[in-house]
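Here is what each chain is made of, one letter per residue.
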Amino acid sequence: NRYEVNERFASNLQKHIQNVKNDRLKQLANLLVMTALGYVYDSQQKKWVDRYPACQLILFEDLSRYRFIMDRSRRENSQLMKWAHRSIPKMVRMQAEIYGIQVGDVYSAYTSRFHAHTGAPGIRCHAVTETDLEQVKQKLLETGFLKEEELSLLKPGDIVPWSGGELFVTLSNPYSPDNCKLVVLHADINAAQNLQKRFWNQ
């Protein structure tokens with residue numbers, strides 16, 4: 001009857017979705033482990049190529065304070081967070097164990113706000129490019145960082161404060177203004193170094 005047909009269709013659809021999720025999970029875990037091993041996928045040769053020294057540790061940020069995406073319900077966001085937080089590290093741990101790579105989990109708050117080497121506070125910034133110059137000008141004008149008459153001074157290559165920017169900027173010695181320099185480094189690398197320090201100290 002129609003009820004049995006619908007029930008069978010729903011069951012098959014659920015199995016299909018679960019299989020797709022499992023396949024993507026395994027592919028993501030494999031990508032992370034291969035990257036940690038120093039391999040880069042060459043799309044022309046269609047194979048993994050040994051390019052960098054291998055890592056000894058893969059760290060995951062603690063997602064217990066995951067920020068909700070506004071266009072999804074709290075329940076859906078919560079389910080996504082819990083699934084990702086449990087399933088991805090678990091699968092990566094299984095695959096990484098074969099190669100002797102450790103997998104850890106660490107609380108990530110404020111790791112992008114302090115310099116990993118000195119502990120000095122810093123800010124996220126963006127290096128202005130030719131293509132996004134006008135967009136950057138508009139945003140800096142809206143936020144009040146620059147005035148209308150100052151916009152002409154901005155040029156490609158300049159570094160400006162930017163939420164989620166790719167650069168981390170701080171001072172080498174903030175407590176000695178006469179003997180300090182501007183330190184500019186990749187924000188994600190700095191955050192990763194902070195995560196590593198926190199993991200080994202916890």
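On a predicted model such as this, the values are computed, not experimentally measured, just so you know.

Criteria and thresholds
Residues numbered from 1 in each chain as written. Predicted model: local features only at pLDDT ≥ 70, side-chain atom pairs only at ≥ 80, totals over all residues. Heavy atoms only, no water. Pairing = 2+ DSSP bridges. Helix = DSSP H or I, 4+ residues; strand = E, 2+ residues; numbered from the N terminus. Axes fitted to C-alpha atoms, helices over the stretch in contact; angles between N-to-C directions. Contact = heavy atoms within 4.5 Å. Core = buried A, V, L, I, M, F, W, Y, C linked by side-chain atoms within 4.5 Å. Buried < 20%, exposed > 50% of the residue type's maximum accessible area, 1.4 Å probe, protein only.

A short note on the sheet that holds strand β6 (residues 159–161)
One open sheet accounts for 4 strands, arranged β6-β5-β7-β8; its pairing is antiparallel. Of all the strands in the sheet, the pair left with one neighbour each is β6 and β8 (182–186). The average undirected angle you get between the axes of adjacent strands in this sheet is 40 degrees. By the bridge criterion, 3 bridges tie strand β5 (residues 123–127) to β6 in an arrangement that is antiparallel. Across the sheet, residue Ala 127 finds its bridge partner in β6, namely Ile 159. Here helix α4 (residues 187–201) sits on the sheet and contacts β5, β7 (167–171) and β8; the angle it forms with β8, its principal contact strand, is near 90 degrees.

A few points about the nonpolar core
With 14 residues, the main nonpolar core has Val 33, Ile 58, Phe 60, Val 92, Ile 101 and Val 103 as its most contacted residues. The biggest single contributor to this core is helix α1 (residues 2–36), with 5 residues. For Val 33, the contacting residues outside a window of four places in its chain are Ile 58, Val 92, Gln 95, Ala 96 and Tyr 99. Membership of the second largest hydrophobic core comes to 9 residues, among which are Val 128, Leu 133, Val 136 and Leu 140.

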